[in-house]
2 protein chains.
Amino acid sequence: MNNLFGDIPASLPEELFSVLVEQEGLKIERIVSRGHCSPADEWYDQDTHEWVALLKGKAVIAYPDKPSVTLVPGDYLLLTAHERHRVDWTIPDEDTVWLAIHY
Amino acid sequence: MNNLFGDIPASLPEELFSVLVEQEGLKIERIVSRGHCSPADEWYDQDTHEWVALLKGKAVIAYPDKPSVTLVPGDYLLLTAHERHRVDWTIPDEDTVWLAIHY
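Bear in mind the structure is a predicted one, so any value in this text is a computation, not a measurement. (Residues numbered from 1 in each chain as written. Chains lettered and ligands numbered in written order. Predicted model: local features only at pLDDT ≥ 70, side-chain atom pairs only at ≥ 80, totals over all residues. Heavy atoms only, no water.)

Undergrad: Before we move on, can you summarise the environment of B:Glu94 with the specific residues and values?
TA: Residue and element names in this part refer to chain B. If you trace the backbone, Glu94 turns up in the loop between strand S7 (86-90) and strand S8 (96-102). Taking the C-alpha atoms as reference points, Glu94 and Gly57, separated by 37 residues in sequence, lie 6.6 Å from one another. With residues near it in sequence (within four places) discarded, Glu94 still touches Ser33, Arg34, Gly35 and Gly57. (Helix = DSSP H or I, 4+ residues; strand = E, 2+ residues; numbered from the N terminus. Contact = heavy atoms within 4.5 Å.)

Structural data, given as structure tokens:
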């Protein structure tokens, strides 16, 4: 893969995670969702910071203690380590493409 | 700024560099070009790796010793530390938006 919008299978039963760069202290990955979201009441609680940009599609990120954020193409945000969050919604029947930088 | 395609001035006499994340060993920046390119025969020779994705527009990256690469939206590449390169061309009269991760 050398294009962030390429190599997306026709069928996507699960979210697709593709690691593009990985070394000590840094991981860059492309994530593709197609209507997928986090299980209800299940929160990500990560040991590292995650800077994430939505490049295509649409999504809602939810937090346990503050308002949800709707992301459209180009939007980015920082999820600091241990900031609990979940993907509440991604647009159905379309690919939502994320670029996530974990550090 | 919270959108990679936002906050672009109407006039852009120089390329625009916006640092989004900076800490020891990592810098994430948004770069906007509008027909800008590197000075002739001037090569970038960086101490860090640069993973770069083109998100909008079109560009050509040139190297001293291998063929140039044309980038369209979604294309990404890794410029390893001290891999000499230059931006040979960006599409005129349009914004070319890059996301660069230096590490």
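Moving on from the model shown.
Undergrad: How would you sum up the interface of chain A and chain B? Please name residues and give values.
TA: Counting from both sides, the interface comprises 22 residues of chain A and, opposite them, 22 residues of chain B. Between chain A and chain B, the buried area comes to about 1,800 Å², and carbon and sulfur atoms account for 69% of it. The tally of links from chain A across to chain B stands at 0 salt bridges. Looking at the side of chain A that touches chain B, the elements with two or more residues in it are strand S1 (16-23), strand S2 (26-33), strand S3 (50-56) and strand S8 (96-102) of chain A. Class assignment of the residues belonging to the side of chain A that touches chain B gives a composition of 16 nonpolar, 5 polar and 1 charged. (Buried area = accessible area lost by both parts, 1.4 Å probe. Salt bridge = Lys/Arg side-chain N within 4 Å of Asp/Glu carboxyl O. Nonpolar A, V, L, I, M, F, W, Y, C, P; charged D, E, K, R; others polar.)

Undergrad: Can you explain the relation of the copies chain A and chain B? Please cite residues and give values.
TA: Taken as rigid bodies, chain A and chain B are interconverted by a rotation of 180° and an axial shift of 0.0 Å, the fit giving an RMSD of 0.0 Å. Expressed as a symmetry operation, the mapping of one chain copy onto the other fits a two-fold axis. A shared binding surface is used by both copies, with 100% of the interface residues of chain A retained as interface residues in chain B. (Least-squares fit on C-alpha atoms with pLDDT ≥ 70 in both.)

Undergrad: Mind laying out the nonpolar core, listing which residues take part and the relevant values?
TA: With 29 residues, the main nonpolar core has A:Leu4, A:Ile28, A:Trp51 and B:Trp51 as its most contacted residues. Looking at this core, the elements with two or more residues in it are S1, S2, S3 and S8 of chain A together with strand S2 (26-33), strand S3 (50-56) and S8 of chain B. Setting aside its immediate chain neighbours within four residues, A:Ile28 contacts A:Ser18, A:Val19, A:Leu20, A:Val21, A:Leu99, A:Ala100, A:Ile101, B:Trp51 and B:Ile101. (Core = buried A, V, L, I, M, F, W, Y, C linked by side-chain atoms within 4.5 Å. Buried < 20%, exposed > 50% of the residue type's maximum accessible area, 1.4 Å probe, protein only.)

Just distances and angles here, no functional claims.
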